[in-house]
Protein chains: 4
Amino acid sequence: MRSPIPDYLLEVVEACGSDNPGATAGYIPELAHADPDRIAVCVSTVDGIVYSAGDADSPFSIQSISKPFVYALALTELGLDAVLDRVGVEPSGEAFNELSLDRESGRPLNPMINAGALTTHALVGPATATPDERFERIRSGLSAFAGRELGVDEAVYESEWGTAYRNSAIANMLRSYAVFDGDPADVVRGYTRQCSITVTARDLALMAATLANGGVQPSTGRRVASRQVVRQVLSVMMSCGMYDAAGDWMSTVGFPAKSGVSGGVLGTLPGQFGIATFSPRLDAHGSSVRGVRMCTRLSADMGMHIMDAPEPARSAIRRDRVLRGPRGNTVRVCSLQGTLQFSGAEHVLRALSDSDGPYTAPAGDRPRGRIDSVILDLRRVHSVDDVAERMLREAVRRLRLDGLRVTVVDPEHVLYPHHRAGDGASDAVVPSLAPLDGYRRL
Amino acid sequence: MRSPIPDYLLEVVEACGSDNPGATAGYIPELAHADPDRIAVCVSTVDGIVYSAGDADSPFSIQSISKPFVYALALTELGLDAVLDRVGVEPSGEAFNELSLDRESGRPLNPMINAGALTTHALVGPATATPDERFERIRSGLSAFAGRELGVDEAVYESEWGTAYRNSAIANMLRSYAVFDGDPADVVRGYTRQCSITVTARDLALMAATLANGGVQPSTGRRVASRQVVRQVLSVMMSCGMYDAAGDWMSTVGFPAKSGVSGGVLGTLPGQFGIATFSPRLDAHGSSVRGVRMCTRLSADMGMHIMDAPEPARSAIRRDRVLRGPRGNTVRVCSLQGTLQFSGAEHVLRALSDSDGPYTAPAGDRPRGRIDSVILDLRRVHSVDDVAERMLREAVRRLRLDGLRVTVVDPEHVLYPHHRAGDGASDAVVPSLAPLDGYRRL
Amino acid sequence: MRSPIPDYLLEVVEACGSDNPGATAGYIPELAHADPDRIAVCVSTVDGIVYSAGDADSPFSIQSISKPFVYALALTELGLDAVLDRVGVEPSGEAFNELSLDRESGRPLNPMINAGALTTHALVGPATATPDERFERIRSGLSAFAGRELGVDEAVYESEWGTAYRNSAIANMLRSYAVFDGDPADVVRGYTRQCSITVTARDLALMAATLANGGVQPSTGRRVASRQVVRQVLSVMMSCGMYDAAGDWMSTVGFPAKSGVSGGVLGTLPGQFGIATFSPRLDAHGSSVRGVRMCTRLSADMGMHIMDAPEPARSAIRRDRVLRGPRGNTVRVCSLQGTLQFSGAEHVLRALSDSDGPYTAPAGDRPRGRIDSVILDLRRVHSVDDVAERMLREAVRRLRLDGLRVTVVDPEHVLYPHHRAGDGASDAVVPSLAPLDGYRRL
Amino acid sequence: MRSPIPDYLLEVVEACGSDNPGATAGYIPELAHADPDRIAVCVSTVDGIVYSAGDADSPFSIQSISKPFVYALALTELGLDAVLDRVGVEPSGEAFNELSLDRESGRPLNPMINAGALTTHALVGPATATPDERFERIRSGLSAFAGRELGVDEAVYESEWGTAYRNSAIANMLRSYAVFDGDPADVVRGYTRQCSITVTARDLALMAATLANGGVQPSTGRRVASRQVVRQVLSVMMSCGMYDAAGDWMSTVGFPAKSGVSGGVLGTLPGQFGIATFSPRLDAHGSSVRGVRMCTRLSADMGMHIMDAPEPARSAIRRDRVLRGPRGNTVRVCSLQGTLQFSGAEHVLRALSDSDGPYTAPAGDRPRGRIDSVILDLRRVHSVDDVAERMLREAVRRLRLDGLRVTVVDPEHVLYPHHRAGDGASDAVVPSLAPLDGYRRL
């Protein structure tokens, strides 16, 4: 069987690429001459499989898509608070307000606009770094996200640097507010080189998948950013990644994304996968026309909207029985399943609670008599998140305080990993459920 | 056992409520006199269990928290496009821009600011509705979200209406742009009554849970909004719900929320639960100081940040074996587990694919010889979302085209529901796995 | 002889009225139906002679041209400081900023925009005045400027009031900032009536001439505003009268003016005359197209630009001789002429000073010997302004301190009015120059 | 007699300089170290006499006071239209809007803000000029206004250039809009040198007097700008010279002025005189605290407010008699006086007109019978402006067409200068009034 995924992506390219409206970025001569008919879409899984259609290996300059990754580098180096002192996280709202600096402090509103991106560029590296050292650090950092060494398109760099008046204006204004130190011209030059780093749609998909994977590059397995940094980067992409159309993107497409003036769009569905599209012609917001179309299609087809409530989770409780043992003892056997988060754990706690709790218990097969022991069967549970873990362990602790004997069947250590055993509970954690011969249902 | 959840919530109240800074809303006399020491937090599951701590049943006026729900009513009545013609979805950015109307059209930037909320109020009901009829429709609509009949605090209404100059200004400005028809004074009066609807933190938690539950009220089981409407409402809450601190809220707290000037904050984690907090004293943005604290704490403790990538899903493939049957036939038995979304289904497809696919296959126990049939065992799969369903059914179809015999073990109809059987596949969908006696592992 | 002035004005009408572009104000139905072909120009002297051409007696509603006069009424009633507390004097700059309120205080930027005009309307009359009393006060005040009782066009009033949403928005916003007290609807109604007061171009020319005349109505001779109030009104008209084109008007036309949406334009050359034009079709700024043309033409032809330096004044010194008397005494006879302001008086002082002054004296017929007495001959001086008066009287005082005998020939009391004689000088003020028989030139 | 003017200025310095609040410009280190206690005031007449008090010869850098003069240079070189294409004339309104560029075109709002001043700097000189040539042209041009060669304070230049980030930002932004060509850094360097040109308060007073004198430098007698250019410069100074306090300055002080960050203020009363003050400490608007005080005092004392209507001009008609001659002929003798502008000429025309004119004639001693001839006696008329000249000559022409014999007594050629005689009128222009023996009053 051939995987249907590449066929699906080809269909997306064909459906979204039938015409090619918009225009390439006119203000950068080298980009204006780019072949406008190229088109690509890539999806990368969090374990590094990249599906693609179209010109997935066609190189282009990364432009603004570098912004979230350099923001990640700055966050990693300086920490969140130090970066927030220099660059905010609020959407800039009006597009005409070309500077979007805070009126009092001069702080750029967010790292996705040029003012913020120039500032995060300037923040990378030690204060003593030369411009070349700073750039190399950034090139190397982005390469780590991509999983291969990325180069620079010198022709694009020269072309942009020759007309970088707007960015020079912004950098000087930032310097006048002391948002960064050093020579504004150096910062603009370095930022322009950063924008000229060459990538393919495949690279971008892997960079997106690194974010989706919580900061671990899927191909190399290397952690290139912490979970906290990734969360911050994705949040800012969600709020500010699509410039003045951020709200429209949120409600229509619904996943964090970033577009670049050379025609790329990168998007991430946390925990799931990264995507990238490429098509050089731009709309009025400066985003790829066909790229936005492809993202919209992918979002609808693949359920990528983060506000789409998934189907209500199947009950975490697979079975909940009370059995009478051969010696008259009463045991409750509660078998759980799936991935446990707050809502699943809450179901379990509810089932285990007395009926005198502060809530109205649902009608159920709660036993009338007194229960002597509880068996919590986790054999079919795949994972337990932090809050569910705390809730279940607290439940075990409380049941014991109530005088019950509790056994947790946890062969794969989803609730009580070896390294965090404790609570006096680990002794009752067993790898398998002993046969309940002679027990019968009450 | 007493459920630890109420204890946890009590701990949240105590930790976040130790001091009580800020001030009640001074411009509405009746609110200024409210008891500022009340504090509550509630969590409602998507099946309607409400956990709470503090003054969860203390009544207060809903104020701006009515906005997302009246937006939902307008979307339900008019459809998305008609509402978008009148009210945008972009964050307003600067707080001082009190009107936040589009410069050309006069269209309010989003439905969470007063200009947008006045407009959505005016859009509810038929054009011929009297102000009273429109208000009753709104009161009744909000009651459906809460699951009980809500009333109006007439003293608050009188107090606000007496000084509703700002809203009168906005309504007249909107009317001058013909954003809505009818008498601006009627709209302001109706909107002021809408803001005076009385709720408790418990009500708000259930209203939030209705959104978390995709539009079905958990207690009544009644669908009060479509999934599409809920998705739009949550998207706009995420972008614009916390006014000019939207970006900060997104990166710090990370779930869609709405605050009101009487001290309530409502938040939703799609598919999981709804939360509500209440504490009357406000910060400079007009949001409850202790409410924001409690939301931040809940987000951190309960993993509510929507950009927090969940732990990489355990492989959807529980076991994948190739067996040689007694008659020399070869069968592949692929057992899946858990909730299947794109990434899980992609794993399955990858496993089932030939090695001549367009991607680099991971090293595996792929059989060398030819396989005659495939058994897809879905007994441990709890749910399959749309994209995964399409992917798996397409895989089944392709395997058959390749000449293989495919059997799907799907006792609970997670992949082939009765009403959507077809593809010539349903005949091979069986409720249980026949014993594989005489088969042995290759 | 027929005066050539009406012929000149007729020529202006014909030259500027040959085509009729622009459009009548569409948003006020009653104005939209006005005959767009009417055209008039009037010039009123400061003694009340009105020259005109075209439809000088055609009635129209005064609209925004009422603003400077109601501002004058408020200034007269409350004083400058109290009015400045409520309404600023700065141009509003950007046209799109429809409210133009100070961000902190809500104070309107100036009284020529609607926000400021609504506020000045509200300020007129005692706090206890009913809306009708306030309006009557304003109608009566404007009538005093016009020199006849003005009425109201009730059809225009009804037409405007029916769609006064924008002004209602502004009034409510002002009320929310407590810029004025009382009911915003009353203020909008009153202001709309104020705008509906009916005038002719002839009326406006007389109103403008009243300002030119320092506040005294030329026909009635009644003082309707103080010089200070008039100066303030003209200053604000100059800075803010032509909305967002204020700078262009200043440099091109150069006299204080105010336009109205019904097609009138009023202008004043302080001390000289008032002008008014009328033609209903408006340009994009909301000013009469042909009215602006006529004003531009009048400014160029009549030297109305206030920055046009007049020809350097002819020397104030008509003759300055030193004569030797029959008894050997030496007398200096200094004959002055014209209107004396600072620069003229400075010339005189320079002539009278010793050569050891701090300045380089021009070459002249300064006598070598000692002078015994000075005769200051003011018979040809028409007027002396305040600063010149102080300078000349100080010179007389100093000459006496130097031991000289000083006689001032001032038959018309231009330097030493009866009521302000003093300085021990009045005894030497004589009505005529005694014959200087026997004196000869040195 | 010592002239009282220096004593008056000394009094102004003492009254306004008793305390010294504010702060020197902190952002230019060299200025921050300037002696803050210096204070000076100078008044220069249009014939070049400079009165002063205080540190009138203390040198300081000209800073923003260079702006109007470089604007004058650009206007002179390129013409008004070409300059208006690049720089507007509208006040910028809000101070925080640091760029104040037109949203569409990027054109600076006016030449008094830095964006506009950088642009006018760039406009001076041929396109091929080197930065040094352009600067020399400007230095030389400002020297021509001052009447002496001005130098540059290199320490101030270095100090400002080292921190000229704000201006670099603006220049790059302008360049990005193609408002000017060439290297933004060259423009900022040149502009910074322009601001570092050294002047004294005495220099500034003479520069101001050059504007007051219609463009002719009073000491050198050289015309350095046309009347049209001066009018434009003064208009823009009036509208925009005092930044965001332009309206307040207009209503309070009322003459065109420009302040600089080194502590100078320059003001002009057209046709009368120029003034300059100096005191380094600045207010929140960046204008000299004590300089603004002194200007306010001078305006009040010296009647410098351009909206102060002068005292109504004394009638231009000194005497108007009708005499019966010895042969029964009737002659009207109309003797005029003073300076004739429109209003004076209008009086004359009114007197000479028939009573069948379109206006209501005032009651007078108009003769009943028929008049044969008119004698217009201009011996006491000092000057006649353009409009009055045209009016009087037209009146003479019309009287002749009516068949009257007209004689104009114009010994000093105020109405009929030799070089513009004509109209067939010059033959009747006589130098003296023939004796009217035998004539008696009617």
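Scroll up to find the structure.
Described below are features of the structure shown in this document. It should be emphasised that the depicted structure is a prediction, and the values quoted were computed from it without experimental measurement.

Description of the overall build of chain A
Part 1 of the argument: Helix and strand counts for chain A stand at 15 helices and 13 strands.
Part 2 of the argument: With the C-alpha coordinates aligned to their principal axes, the bounding extent of chain A is approximately 90 × 50 × 40 Å.
Part 3 of the argument: Buried positions account for 60% of the 442 residues belonging to chain A.
Part 4 of the argument: For chain A, the computed accessible surface area is about 16,400 Å², with 48% contributed by carbon and sulfur atoms.
Part 5 of the argument: One way to put it: in chain A the 46 positive side-chain charges average out to a point 10 Å from where the 53 negative ones average out.

Description of the relation of the copies chain B and chain A
Part 1 of the argument: Rotating chain B by 180° and moving it 0.0 Å along the rotation axis overlays it on chain A with an RMSD of 0.2 Å. Look at the turn and shift together and you get a two-fold axis relating the two.
Part 2 of the argument: Comparing interface residues between copies, 100% of those in chain B also lie at the interface in chain A; the contact surface is shared.

Quick notes on the sheet that holds strand 5 (residues 257-259) of chain B
Residues and elements named next belong to chain B.
Part 1 of the argument: Taken in spatial order, the 5 strands make up an open sheet running 2-1-7-6-5, and their pairing is antiparallel. Both outer strands of the open sheet, strand 2 (50-54) and strand 5, are each paired with one neighbouring strand and no more. Direction aside, the axes of adjacent strands within the sheet are offset by 10° on average.
Part 2 of the argument: Summarising the sheet, strand 5 and strand 6 (residues 264-269) pair through 3 bridges and their orientation is antiparallel. Paired with Ala257 across the two strands is Gly267, which belongs to strand 6.

Digging into the interface of chain C and chain D
Part 1 of the argument: Listed as interface residues are 82 residues of chain C and, on the opposing side, 80 residues of chain D.
Part 2 of the argument: Counting across the interface, chain C meets chain D through 6 salt bridges.
Part 3 of the argument: Its salt-bridge partner being Asp308 of chain D, residue Arg231 of chain C comes within 3.4 Å of it at the nearest N-O pair.
Part 4 of the argument: Taken together, the connections running from chain C to chain D amount to 29 residue pairs in polar contact (both at pLDDT 80 or more).
Part 5 of the argument: Looking at the side of chain C that touches chain D residue by residue, the classes come out as 37 nonpolar, 23 polar and 22 charged.

Quick notes on the environment of Phe273 of chain C
Part 1 of the argument: Along the chain, Phe273 of chain C falls in strand 7 (residues 273-278).
Part 2 of the argument: Assessed through its relative accessible area of 0%, Phe273 of chain C is described here as buried.
Part 3 of the argument: Distance from Phe273 of chain C to Leu234 of chain C, taken between C-alpha atoms, is 13 Å for residues 39 residues apart in sequence.
Part 4 of the argument: Excluding residues that lie within four positions of it along the chain, Phe273 of chain C makes contacts with Val43, Ser44, Thr45, Val46, Ala212, Gly267, Thr268, Met302 and Met304 of chain C together with Phe342 of chain D.

Conventions used here
- Residues numbered from 1 in each chain as written.
- Chains lettered and ligands numbered in written order.
- Predicted model: local features only at pLDDT ≥ 70, side-chain atom pairs only at ≥ 80, totals over all residues.
- Heavy atoms only, no water.
- Helix = DSSP H or I, 4+ residues; strand = E, 2+ residues; numbered from the N terminus.
- Buried < 20%, exposed > 50% of the residue type's maximum accessible area, 1.4 Å probe, protein only.
- Areas by Shrake-Rupley, 256 points an atom, 1.4 Å probe, with all protein chains shown as cover.
- Lys, Arg positive; Asp, Glu negative; His and termini not counted.
- Charge placed at Lys NZ, Arg CZ, Asp CG, Glu CD.
- Least-squares fit on C-alpha atoms with pLDDT ≥ 70 in both.
- Contact = heavy atoms within 4.5 Å.
- Pairing = 2+ DSSP bridges.
- Axes fitted to C-alpha atoms, helices over the stretch in contact; angles between N-to-C directions.
- Salt bridge = Lys/Arg side-chain N within 4 Å of Asp/Glu carboxyl O.
- Polar contact = N/O pair within 3.5 Å; in protein donor to acceptor, adjacent residues only side chain to side chain.
- Nonpolar A, V, L, I, M, F, W, Y, C, P; charged D, E, K, R; others polar.

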